[in-house]
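Here is what each chain is made of, one letter per residue.
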Amino acid sequence: MTDDDFTVTPYAVQGDVDYERVLDQFGADELTEAERERFPEPLHPLIKRGIFYGGRDVEAYLDAIDEDEQVSIVTGRGPSGPMHIGHVFPLYLAKYLQDRTGAHVYIPISDDEKYFAKDQDFDDIQGWAKDNITEIMAVGFDPEKTRIVVDSADADVIYPWAAKFAKRYTQSTVNATYGDPDNVGLSFYPAVQATHLLLPQLVHGRHRTIVPIAVDQDPHIRLCRDVAAKEDYDVHKPSALLSRFFPQLKGDGGKMSSSDQNPTIYLSDDRETVREKIQTYAFSGGQTSLEEHREKGGDPDVDVAYQLLYYFFEEDDAKVEELAAEYRSGELLTGELKNYAADKVSDFLEQHQERKAALGDFHEEISEYTLTDEERATLTEDLLY
Ligand code: TRP
């Protein structure tokens, strides 16, 4: 990362990220047009319009879908705060793929990782885990085919595998990949995430799996693939589907994060709040005065309201093209574009919130998604008892 003025690791994203260079640095591939078009129809905006832009072994995964083989998806969550719209797009992509391919979806919750990485009590992290799992259950996955696994609560299955994989990781590889870890928990954690990525195959046997995730998480996948390639594990290397960072409201191109300087839209925001945040903060590609805007037009490519619609919230191709054209011509004003985006975001959030409100008692609901006794037995069969 020496000749570039940006850094991307799972624990630090700094500078102006050159997305193509990151793939080079990591040794991942750009997602080709031909690959995009092979995803199940109708193509999801996240695939079609390129927020997912890179990957590893994507072809092998698409081949397995074409052959009607059982496939799986792994996409997880580190619970250290409330979830915003940037956190859920890999989950909604996973749901879209599950609906069309019958994929198993495994969703690991890395409460240990966040405890190691953040200045928060274990109890606080548990609270966020519960909150985030509730959001994840509101996505509407098929519980029969979806498993939520919590590192601490499911340690009986996670730990023995993580221990096996940890032996293959040297401290120097971990340091070189993630930067020097702050504590031994973070040194060990990559072996835990490797376990997550291999879980579907450890439960159901060797088959194709894919991990849709922001590109900063690719190092976890890379190291896991190295481990998977070693000796006695009868597994395929997990494929990866890598995304750019979801646009931040303020539009500086970095990772969407939550802090006072970086207002974001939370899954729990109501219509008024969404409208106010977008109107107040969304970086505009419009001109400063109405006359100038009418005359010169706006630039949708840097306009965050437009980007939200383009990448996720407006599925209709004709509509996004029309919005871009009208914005460029000056016919559509910034305030109008923002209102349109706010409506689309709110419509989406309201549906999510309705599903969330319909959930019952946490323990009952989560029991639909926990590993079955049989799956647990498969994962622990070589243990003493
Ligand atoms: N490490 C991820 C994060 O910090 C969360 C995570 C844990 C994850 N296990 C995973 C993501 C498996 C994808 C696949 O956001």
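The rules we used
Residues numbered from 1 in each chain as written. Predicted model: local features only at pLDDT ≥ 70, side-chain atom pairs only at ≥ 80, totals over all residues. Heavy atoms only, no water. Near = heavy atom within 4 Å. Polar contact = N/O pair within 3.5 Å; in protein donor to acceptor, adjacent residues only side chain to side chain. Areas by Shrake-Rupley, 256 points an atom, 1.4 Å probe, with all protein chains shown as cover. Helix = DSSP H or I, 4+ residues; strand = E, 2+ residues; numbered from the N terminus. Nonpolar A, V, L, I, M, F, W, Y, C, P; charged D, E, K, R; others polar. Phe/Tyr/Trp six-rings, centres within 6.5 Å; stacked < 30°, edge-to-face > 60°. Buried < 20%, exposed > 50% of the residue type's maximum accessible area, 1.4 Å probe, protein only. Lys NZ or Arg CZ within 6 Å of the ring centre and 35° of its normal. Pairing = 2+ DSSP bridges. Contact = heavy atoms within 4.5 Å. Axes fitted to C-alpha atoms, helices over the stretch in contact; angles between N-to-C directions. Domains from an automatic or database assignment. Buried area = accessible area lost by both parts, 1.4 Å probe. Salt bridge = Lys/Arg side-chain N within 4 Å of Asp/Glu carboxyl O.

**Thoughts on the site of the ligand**
Around the ligand, 15 residues are found, and the nearest of them are Glu113, Lys114, Gln193, His196 and Gln217. A distance of 2.8 Å separates a nitrogen atom of the ligand from a polar atom in the side chain of His196. Calculation on the ligand without its partners gives an accessible area of 360 Å², and the protein chains cover 92% of this total. The element contributing the most residues to the shell around the ligand is helix 10 (residues 184-204), with four residues. Of the residues that constitute the shell around the ligand, the class distribution is five nonpolar, seven polar and three charged.

**Considering the packing of aromatic side chains**
The full count for this structure, using the stated rule, is 18 aromatic pairs. Here the aromatic rings of Tyr11 and Tyr178 are separated by 6.1 Å at their centres, their planes lie at 50°, and the arrangement is tilted. In this pair, Tyr11 is assigned in the loop between strand 1 (6-9) and strand 2 (12-15) and Tyr178 in helix 9 (residues 171-178), connecting sequence segments 167 residues apart. Residue classification places Tyr11 among the partly exposed positions, given a relative accessible area of 30%. Take Tyr178: its relative accessible area is 8%, and that puts it in the buried class. Ring geometry for Tyr310 against Tyr311: centres 5.4 Å apart, planes inclined by 70°, an arrangement best described as edge-to-face. On the basis of relative accessibility, which here comes to 16%, the residue Tyr311 falls in the buried class. Seen from the ring of Tyr310, Arg49 lies directly overhead, with NZ or CZ sitting 5.4 Å from the centre.

**Remarks on unusual backbone geometry**
Along the chain, Glu41 connects to Pro42 via a cis peptide bond; the corresponding omega equals -15°. Note that Pro42 resides in the loop between helix 2 (33-37) and helix 3 (45-48). In this structure, Asp68 takes a positive phi of about 60° despite not being glycine. Its location among the elements puts Asp68 in the loop between helix 4 (58-66) and strand 5 (72-74). Under the relative-accessibility criterion, Asp68 is labelled exposed at 72%.

**What about the sheet that holds strand 9 (residues 239-243)?**
As summarised here, the arrangement of the seven strands in space is 3-4-9-8-5-6-7, forming an open sheet in which the pairing is mixed. Pairing within the sheet leaves two strands with one partner each, and these edge strands are strand 3 (29-30) and strand 7 (146-150). Of the strand pairs in this sheet, strand 3 and strand 4 (residues 52-56) are connected by two bridges, and their pairing is antiparallel. Note that in strand 4 the partner of Glu30 across the bridge is Gly54. Contacting strand 4, strand 8 (209-214) and strand 9, helix 11 (residues 218-229) runs over the sheet at an angle of about 170° to strand 9.

**Overview of the domain arrangement of the protein chain**
When cut into domains, the protein chain gives domain 1 (6-243) and domain 2 (271-357). Inter-centroid distance (C-alpha atoms) of domain 1 to domain 2 is 30 Å. In this assembly, 15 residues from domain 1 lie in contact with 16 residues from domain 2. Regarding the contact of domain 1 and domain 2, the summed buried area is about 1400 Å², with carbon and sulfur atoms giving 63% of it. Taken as a group, Arg49, Ile85 and Tyr92 account for 45% of the area that domain 1 buries against domain 2, more than any other trio of residues on that side. At the boundary of domain 1 with domain 2, the tally comes to three salt bridges. Lys48 is the partner of Asp317 in a salt bridge, and the nearest nitrogen-oxygen pair spans 3.1 Å. Taken together, the links from domain 1 to domain 2 amount to 10 residue pairs in polar contact (both at pLDDT 80 or more). Taken together, the elements giving at least two residues each to the side of domain 1 that touches domain 2 come down to helix 3, helix 5 (85-101) and helix 7 (122-137).

**Details of the environment of Tyr92**
One can find Tyr92 in helix 5. For the pair Tyr92 and Arg271, spaced 179 residues apart in the sequence, the C-alpha separation amounts to 20 Å. Residue contacts for Tyr92: discarding those within four places in its chain leaves Ala138, Val139, Phe312, Phe348, His352 and Arg355.

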